[in-house]
Amino acid sequence: MKDLQREIINQVASGKITAEEGAARLESLESAEPTRTAIPVQTPPTSSPTAAARRVKVTSAVGSVEIIGDPSVAYAVAEGQHKARQDGETMVIEQGLIDENDHFSFGTSARVYINTMDFGRRKLKVRMNPELALSVQINAGSLRIEGIHSPITGEVLAGSCRISDFASPLDLSVQAGSVSASGRLNGGASKVRCEMGNVSINLEKGSSVKVTARTTMGKVAVDSGGAEPVLLGQTGKDVTVGAGAGSLDIECTMGNVRVSA
């Protein structure tokens, strides 16, 4: 009986069946043996939502977040300290707030020292269907996204943002940190904003996009396959990759911008 219940829970967590189907099967198991006491079943940390999700939203206060595209997952499955809920058509995964195991101390001149913050412990890993749109909000920490092929919206207040194998428009904003992205753009409107830090965008083969890059304090470099990148100063002219079907607007306040195709 317990093995059957465990199998049903695993099928729900992996997205093979919906939450409703899982509940119905568990109820059938219980009714099949009325003489036994019903065994409470613990819901998986992140299970299939009750309605079809079209978007995944991940938020984190402090820590590292890794999001991997996995076609075998129907919606999203998270590992690490988190809470999950559904808001309309959006599946929301929230990394836990700072708890009693995280300690800080204050020094002179209002400086904050982190004594025993274990960033390795505060790590959230999410596997999600790559065809679902993704929205991410990170207050402090690192963000890595790989293999998400639907539109990506990301906001990082302090930390790094690395994206690989993207295939749809990007909307990225980083206050303090670096942005590194590699993938293909062949339509839609994308934009990248960075207040303080460097921006590096690699447009892979098959991209079709018109690129505009600006920086207030720094330089813009465009490498279109030549031996050396072309330095365009603080504000570069528009650069067209392929037929220019899409658009990519990059703006950096303090830092350098590099675009390669």
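Residues numbered from 1 in each chain as written. Predicted model: local features only at pLDDT ≥ 70, side-chain atom pairs only at ≥ 80, totals over all residues. Heavy atoms only, no water.

### With respect to the overall build of the chain
Under the convention used in this document: Elements are defined by DSSP. Helices are runs of H or I of four residues or more, strands are runs of E of two residues or more, and each kind is numbered from the N terminus. Between buried and exposed lies partly exposed: a residue is buried under 20% and exposed over 50% of the maximum accessible area for its type, with that area taken using a 1.4 Å probe on protein chains only. What sets the accessible areas is the Shrake-Rupley method with a 1.4 Å probe; for residues, cover comes only from the shown protein chains.
Regarding its fold elements, the chain presents two helices and 22 strands. A burial count over the chain gives 41% of its 261 residues as buried. Carbon and sulfur atoms form 51% of the exposed surface of the chain, whose accessible area is close to 13800 Å².

### Some remarks on the sheet that holds strand E13 (residues 170-176)
Quick reminder of the rule: Any two strands with at least two DSSP bridges between them are considered paired. Angles run from 0 to 180 degrees between N-to-C directions of axes, and those axes are lines fitted to C-alpha atoms, restricted for helices to the stretch in contact.
Read from one edge of the open sheet, ten strands run E4-E5-E1-E9-E11-E13-E15-E21-E17-E20, paired in mixed fashion. The open sheet has two free edges, formed respectively by strand E4 (82-87) and strand E20 (239-241), since each of these has just one partner strand. Averaged over all pairs of adjacent strands, the angle between their axes in this sheet comes to 10 degrees, without regard to strand direction. Of the strand pairs in this sheet, E4 and strand E5 (residues 90-95) are connected by six bridges, and their pairing is antiparallel. Directly across from Gln 86, in E5, lies its bridge partner Met 91.

### Structural notes on the environment of Val 73
Take Val 73: it is sitting in the loop between strand E2 (64-69) and strand E3 (76-79). Assessed through its relative accessible area of 4%, Val 73 is described here as buried. With 57 residues separating them in the primary sequence, Val 73 and Lys 16 have C-alpha atoms 8.0 Å apart.

### Here's the deal with a nonpolar patch on the surface
Condition: Only residues whose relative accessible area exceeds 30% and that form no salt bridge are eligible for patches; like-charged ones are grouped when within 9 Å, while nonpolar side chains (Val, Leu, Ile, Met, Phe, Trp, Tyr) are grouped when within 5 Å. A side-chain nitrogen of Lys or Arg and a carboxyl oxygen of Asp or Glu constitute a salt bridge if their distance falls within 4 Å.
Nonpolar side chains collect at one region of the surface, where Met 196, Met 217 and Met 254 lie side by side and expose about 310 Å² of accessible area between them. By secondary structure assignment, the location of Met 254 is in strand E21 (residues 246-254).

### Considering the side chain of Thr 90
To keep things clear, this is the line we draw: Any pair of residues with heavy atoms lying within 4.5 Å of one another is described as a contacting pair.
For Thr 90, the position within the fold is in strand E5. The buried category is assigned to Thr 90, whose relative accessible area is 18%. Excluding residues within four positions of it along the chain, Thr 90 makes contact with Arg 55, Lys 57 and Arg 85.

### Description of the nonpolar core
Where we set the bar: Grouping buried Ala, Val, Leu, Ile, Met, Phe, Trp, Tyr and Cys residues that are joined through side-chain atoms within 4.5 Å yields what is termed a nonpolar core.
Judged by nonpolar contacts, the single largest core of 47 residues is most densely connected at Val 58, Ile 67, Leu 134 and Ile 250. Setting aside residues no more than four positions away along its own chain, Val 58 makes contact with Val 65, Ile 67, Ile 93, Leu 124, Val 126, Leu 134, Ser 135, Val 136 and Gln 137.

### Regarding the pairing of strand E11 (residues 152-158)
Across six bridges, the pairing between strand E9 (residues 133-140) and E11 is parallel. Each residue of the ladder has a partner; that of Leu 134, found in E11, is Ile 152. Examined bridge by bridge, E11 and E13 share six bridges and lie parallel to one another. For Gly 154, the partnering residue across the bridge sits in E13 and is Leu 172.

### Remarks on the state of the cysteines
Under the convention used in this document: Sulfur atoms of two cysteines make up a disulfide when they are within 2.5 Å.
Per the stated rule, a full pass over the model turns up zero disulfides. Between Cys 161, a cysteine without a disulfide, and Cys 194, which holds the nearest cysteine sulfur, the sulfur-to-sulfur distance is 9.7 Å. A relative accessible area of 3% means that Cys 161 is categorised as buried. You can see Cys 194 has no disulfide; the closest cysteine sulfur is in Cys 252, sitting 4.5 Å from it. Take Cys 194: its relative accessible area is 2%, and that puts it in the buried class.

### Considering the environment of Thr 59
Looking at the element boundaries, Thr 59 is found in strand E1 (residues 55-62). Between the C-alpha atoms of Thr 59 and Val 136, which are 77 residues apart in sequence, the distance is 5.8 Å. In contact with Thr 59, other than residues within four places in its own chain, are Ile 93, Glu 94, Gln 95 and Gln 137.

### Remarks on the pattern of salt bridges
A full pass over the atoms with the stated rule returns nine salt bridges. We note a salt bridge from Glu 66 to Arg 144, for which the minimum N-O separation is 2.1 Å. Of this pair, Glu 66 sits in strand E2 while Arg 144 sits in strand E10 (residues 143-146), and the two are 78 residues apart along the sequence. Taking the relative accessible area as the measure of exposure, Arg 144 reaches 26% and is therefore partly exposed.

### Describing the environment of Gly 154
Tracing the chain through its elements places Gly 154 in strand E11. With relative accessibility at 8%, the residue Gly 154 sits in the buried group. A sequence separation of 18 residues divides Gly 154 from Leu 172, and the C-alpha atoms of the two residues are 4.8 Å apart. Not counting chain neighbours up to four residues away, the residues in contact with Gly 154 comprise Val 136, Asp 171, Leu 172 and Ser 173.

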